[in-house]
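Okay, here's what each chain looks like letter by letter:
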Amino acid sequence: MSEKNNQDNFDKSLFEFQIADDSASEHIAAPKYSYWGSVFRRFFSNKIAILMLVIAITVVLFAFIQPIFSGYDHMKTPNINNKAMHYIRPFKSTQYIFGTDDKGNSLFDALWSGARNSLFIAIMATLITETIGIIVGMFWGFSKKMDVIMIEVYNVLSNIPTTLIAMILVYTLGGGFWQLIFALSVTSWIGTAYFIRVQVMIIRDREYNLASQCLGTPTWKIILNNILPYLISIIITSVSRDVPSFISYEVALSYMGVGLGQQFASLGQMVQKYSPYMTSAPYLFWIPVITTAVISVSLYIVGQALADASDPRTHMI
Amino acid sequence: MKGYILKRILRSIISVFIVVSIVITMIFTLIPRTKLLDNDQAYKKLTGDTKTAYRLNMYQKLGYLHFARIGEICAESEDPAGCQVNGSEAQKAALKEFEEKDYVIEYFRNKTPYATHDYTIPELIFHFWGNLIKIDNKNFVQKNYIDTGVISTDIEKKYYIGKDDNNFPAILCSGCEYKYQLYFGHGFPFIHQNKIRLNFGISYPTKSGMSTLTVINEGQGSQKAFMQTFPTGLQQESPLKQMTAKFKPNIDHLDSTRFTDNYADCESYYESPSMVNTSYIFGIISLIIAYALGLPAGMGMARNKGGFWDKIGVAFINFIIALPSLALIFFVRQIGATLFGLPDKFPMLGFNNVKSYLAPLFILSLLSLPGLMTWTRRYMIDQSNADYVKFAKAKGLSQREIFTKHILKNAIIPIVNGIPGSIILCISGAFITESAFAIPGMGKMLPDSINKMNNNMVITLAFIFAALSIFSVLLGDLLMTVVDPRIQLQARGGKK
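Residues numbered from 1 in each chain as written. Chains lettered and ligands numbered in written order. Predicted model: local features only at pLDDT ≥ 70, side-chain atom pairs only at ≥ 80, totals over all residues. Heavy atoms only, no water.

1. What to know about empty space enclosed by the protein
Residues and elements named next belong to chain B.
Link 1 in the chain: Taken as a whole and judged by the stated rule, the model has 5 cavities of 30 Å³ or more.
Link 2 in the chain: Empty space within the largest cavity amounts to approximately 50 Å³.
Link 3 in the chain: In terms of lining residues, the largest cavity is bounded by Phe28, Leu36, Leu62, Tyr64, Ile202, Tyr204, Met453, Asn454, Asn455 and Asn456.
Link 4 in the chain: For the lining of the largest cavity, the residue count by class is 7 nonpolar, 3 polar and no charged.
Link 5 in the chain: For the second largest cavity, the calculated volume is near 40 Å³.
Link 6 in the chain: For the second largest cavity, the full set of lining residues is Glu72, Ile73, Glu76, Ser77, Ala94, Glu97 and Phe98.
Link 7 in the chain: For the lining of the second largest cavity, the secondary-structure elements that each account for two or more residues are helix H4 (70–75) and helix H6 (89–100). (1 Å grid on protein atoms, 1.4 Å probe; cavity = no way out; pocket = protein on both sides within 12 Å on 5 of 7 lines; lining within 4 Å. Points joined across faces, edges and corners; volume = space filled by probe spheres on them. Nonpolar A, V, L, I, M, F, W, Y, C, P; charged D, E, K, R; others polar. Helix = DSSP H or I, 4+ residues; strand = E, 2+ residues; numbered from the N terminus.)

Right, dumping it as structure tokens:
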């Protein structure tokens, strides 16, 4: 009785009519999740990664911008006859921060011009390796016919030391910019492709892909929409290993005299050119070596941190 | 199983064949041959026809072309004497014949014609593989020296059992290229033969004229003489290896005081090991160090997963991987030189001083540590989630027992797979380390021969490295089946 009374006592003007909305009932209340937002939140929570990112960006920007302003040309030696300009020690002169070399060229300018070439080679080689590797690997993982042939190709190529292949290619093609990029990427894509193939095989037969296949989705669409997003963290890991390893390869090959020819400046070529001065003018040798190490280590750590952050399993709060 | 192994061996041979054929094609077609003679001092001093003849002769020796002089052109002519006269009909007919066989006819300044034929790619590949294996036979001397008129005396053609210089029985040959065909003793592997030999051509321009295999196999440094008795009974201090006696068409007085026959062309003993052995010494020792440190370190990291030492280990691995190997090598070399007084170049103290080995060995083991540690750790952690570990835990075994007795045995299997590869590939040397320390090994040889344009040496080394790496994978797989009988290689064919 009392309930009925209560109801009657309410002021009806306080209420208004609502239309029953079917779509609203479908809405699931969940915290907002954005993949890339989480990736960056996760990445920027890592203090070492931020530090390394700052170093890497500084070095890369310097390498690509400084040579434009300095206009350094590796083959020009304007100060070669002026003995006073030779072997100026680092930090002794404001014009030549890192000093000058045996021909009176500024080491600072030479360094960045060399770093630009080395970085360019490493980035191009990584780009080519990853693009070809990912595309081939995706279809390799899907197609059984392709698998039969590709496995044989992989068995032959993967067993032969990369250094050997690169050395012989550079030797026969001649030392040049694109020749070196070709030599570095010509066989390394198959490693990436194999890696992707295995990953594709693992997720290819999951239920959601089977469902897509049953519904008649074309293979390329399954690859692009269903599988590729799954592989982002794996691809980033692979890229983060490739860039430093290609820099390392370039430096090693040029040091042994089978990389870039003398007409191009590069970090490896500098290490090779200045190694006789190790005792008489050690800064000439150590500055390029240390720069190489800084570039490699910073890029590697940034890449690893990004790869960790891009794995959705780490996004759980 | 036997069928499978046979199939794998066949496949490996085909792989080596393809790879080396590609290398040969590339080297012979892409490298301008005119550059090869740039560093030849003898060639630079020559002028005129002798220069042309020297160049063509060199190209023929290096396998680029076939060079036919007037003698060879006229050899098949119906009128050999008339053919020798420049401009005669008989010569014209002989030249026409050569032109039809794809030869290019050119003339020396004195109007004497010569013919050259550049080998095509299939011919180049065929030449290499056709000449690769040389089997010594008792008609060798007859064919190469007596028939061509180098020597006139006859030689008995036979195999016989004799004694080598250790008084062990040995199979000897008269009429072959090598006198001692099969003999025992004289160090590893204790059975030696000279019957079947690999022939990769000659080295040029460094060590000009020597067989490439001899260059990498022969000792280095100065010759080592010791007291030995020669077949004539002469006792003398000499560095000669009598067991490598090769047929020498013209023996001199010194030879005849030592040897009773024409087999007098011997290799020598040297103070320092050969290139292969140098790389091997460094490789094996650094490998032992790497395994001795890497396995326990990886195991320790797996046991304390997520702990302090694990984090330190992971940081160490990442650091070594990220640091360019060249930078690492120079850092260690510099630290060794300044803090410990170690030489920064190997030849400074040479082979007989322990100090010259320390820094390269440290670097080589440091470079192979991260891989070993990562995989050991990975396999151990993967295994520690297996059911049998939970069962062992439930039965009350201690953590230590589980790790050393159960997990390790299973985790070691994939690591065993890599062991033959690492051992065999020690021969290939470490390219950068050997270059940085100027160690006279195989690793330094490849960049050196590339820089000197020693084509045959590059092909030889490419063949050796490719064959070693491909066969070591096969050996690794076989070793894995020995360690773990559960593994069936045949079924692995379709590891999907």
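Moving on, there is more to tell.
2. Here's the deal with the confidence of the model for chain A
Link 1 in the chain: Looking at chain A, the pLDDT average stands at 83 and 97% of residues meet or exceed 70.
Link 2 in the chain: Summarising per-element confidence for chain A, the mean pLDDT is lowest in helix H1 (residues 2–9) of chain A (59) and highest in helix H5 (residues 107–142) of chain A (90). (pLDDT = per-residue confidence, 0-100.)

3. As for the interface of chain A and chain B
Link 1 in the chain: Every contact between the two is made by 37 residues of chain A and, on the other side, 40 residues of chain B.
Link 2 in the chain: Counting across the chain A and chain B interface gives 1 salt bridge.
Link 3 in the chain: Measuring nitrogen to oxygen at the nearest pair gives 3.1 Å for the salt bridge that ties A:Glu152 to B:Arg11.
Link 4 in the chain: Here chain A is connected to chain B by 5 residue pairs in polar contact (both at pLDDT 80 or more).
Link 5 in the chain: Mapped by element, the contributors of at least two residues to the side of chain A that touches chain B are helix H6 (144–158), helix H7 (162–173), helix H8 (177–204), helix H11 (232–255) and helix H13 (282–309) of chain A.
Link 6 in the chain: Among the elements that line the side of chain A that touches chain B, the one with the most residues is H13(A), at 9 residues.
Link 7 in the chain: Partitioned by chemical class, the residues of the side of chain A that touches chain B number 26 nonpolar, 7 polar and 4 charged. (Contact = heavy atoms within 4.5 Å. Salt bridge = Lys/Arg side-chain N within 4 Å of Asp/Glu carboxyl O. Polar contact = N/O pair within 3.5 Å; in protein donor to acceptor, adjacent residues only side chain to side chain.)

4. Some words on the packing of aromatic side chains
Link 1 in the chain: Taken as a whole, this structure holds 41 aromatic pairs over all chains when the rule is applied.
Link 2 in the chain: Here B:Phe108 and B:Tyr114 contribute two aromatic rings whose centre-to-centre distance is 4.5 Å and whose plane-to-plane angle is 40°, an arrangement assigned as tilted. For the pair shown, B:Phe108 and B:Tyr114 are each scored as buried.
Link 3 in the chain: Ring-pair connections join several aromatic residues into one group, and the members of that group are A:Tyr35, A:Trp36, A:Phe40, A:Phe43 and A:Phe44.
Link 4 in the chain: Between B:Lys101 and the ring centre of B:Phe98, over which it is positioned, the NZ or CZ distance is 4.4 Å.
Link 5 in the chain: The residue whose ring lies beneath B:Arg303 is B:Phe403, and the NZ or CZ to ring-centre distance is 5.8 Å. (Phe/Tyr/Trp six-rings, centres within 6.5 Å; stacked < 30°, edge-to-face > 60°. Buried < 20%, exposed > 50% of the residue type's maximum accessible area, 1.4 Å probe, protein only. Lys NZ or Arg CZ within 6 Å of the ring centre and 35° of its normal.)

5. Describing the environment of B:Asp102
Residue and element names in this part refer to chain B.
Link 1 in the chain: Structurally, the position occupied by Asp102 is in the loop between H6 and strand E2 (104–107).
Link 2 in the chain: On the basis of relative accessible area, Asp102 is assigned to the exposed category, the value being 57%.
Link 3 in the chain: Between the C-alpha atom of Asp102 and that of Asp118, which follows or precedes it by 16 residues, the distance is 8.6 Å.

6. Some details on the side chain of A:Asn117
Residue and element names in this part refer to chain A.
Link 1 in the chain: As for its placement among the helices and strands, Asn117 is situated in helix H5.
Link 2 in the chain: From its side chain, Asn117 meets the backbone oxygen of Ala265 in a polar contact 2.6 Å long.
Link 3 in the chain: Here Asn117 is in contact with Phe177, Ala265 and Ser266, once residues within four sequence places are set aside.

7. A look at the pattern of salt bridges
If charged atoms from side chains of opposite charge come close, those side chains can pair.
Residue and element names in this part refer to chain B.
Link 1 in the chain: Under the counting rule described, the total for this entry stands at 11 salt bridges over all chains.
Link 2 in the chain: Between Asp448 and Lys444 there is a salt bridge whose closest N-O contact spans 2.7 Å. Remark: Lys444 and Asp448 occur in helix H18 (residues 442–451); sequence separation between them is 4 residues, near one turn of the helix.
Link 3 in the chain: Of the residues examined, Asp448 reaches a relative accessible area of 30% and is grouped as partly exposed.

8. So, the nonpolar core
Link 1 in the chain: Counting residues in hydrophobic clusters, the biggest one holds 139 residues, and the most contacted among them are B:Ile216, B:Phe330 and B:Leu446.
Link 2 in the chain: Residues within four places of B:Leu446 in sequence aside, it is in contact with A:Leu164, A:Met167, B:Phe431, B:Val458, B:Leu461 and B:Phe465.
Link 3 in the chain: Ranked by size, the runner-up nonpolar core spans 14 residues in total, among them B:Phe140, B:Val141, B:Ile151 and B:Phe247. (Core = buried A, V, L, I, M, F, W, Y, C linked by side-chain atoms within 4.5 Å.)

9. Some points on the sheet that holds E2(B)
For sheets, the rule is that strands pair by backbone hydrogen bonds, running either parallel or antiparallel.
Residue and element names in this part refer to chain B.
Link 1 in the chain: Read from one edge to the other, the open sheet built from 3 strands follows the order E1-E3-E2, with strand pairing classed as antiparallel. Two strands bound the open sheet, and with one partner strand each, they are strand E1 (65–68) and E2. Geometrically, the sheet is characterised by an average inter-axis angle of 25° between neighbouring strands, direction not taken into account.
Link 2 in the chain: Of the pairings in the sheet, the one linking E1 to strand E3 (residues 113–118) comprises 4 bridges and is antiparallel in character. When the bridges of E3 are listed, His66 appears paired with His117. (Pairing = 2+ DSSP bridges. Axes fitted to C-alpha atoms, helices over the stretch in contact; angles between N-to-C directions.)

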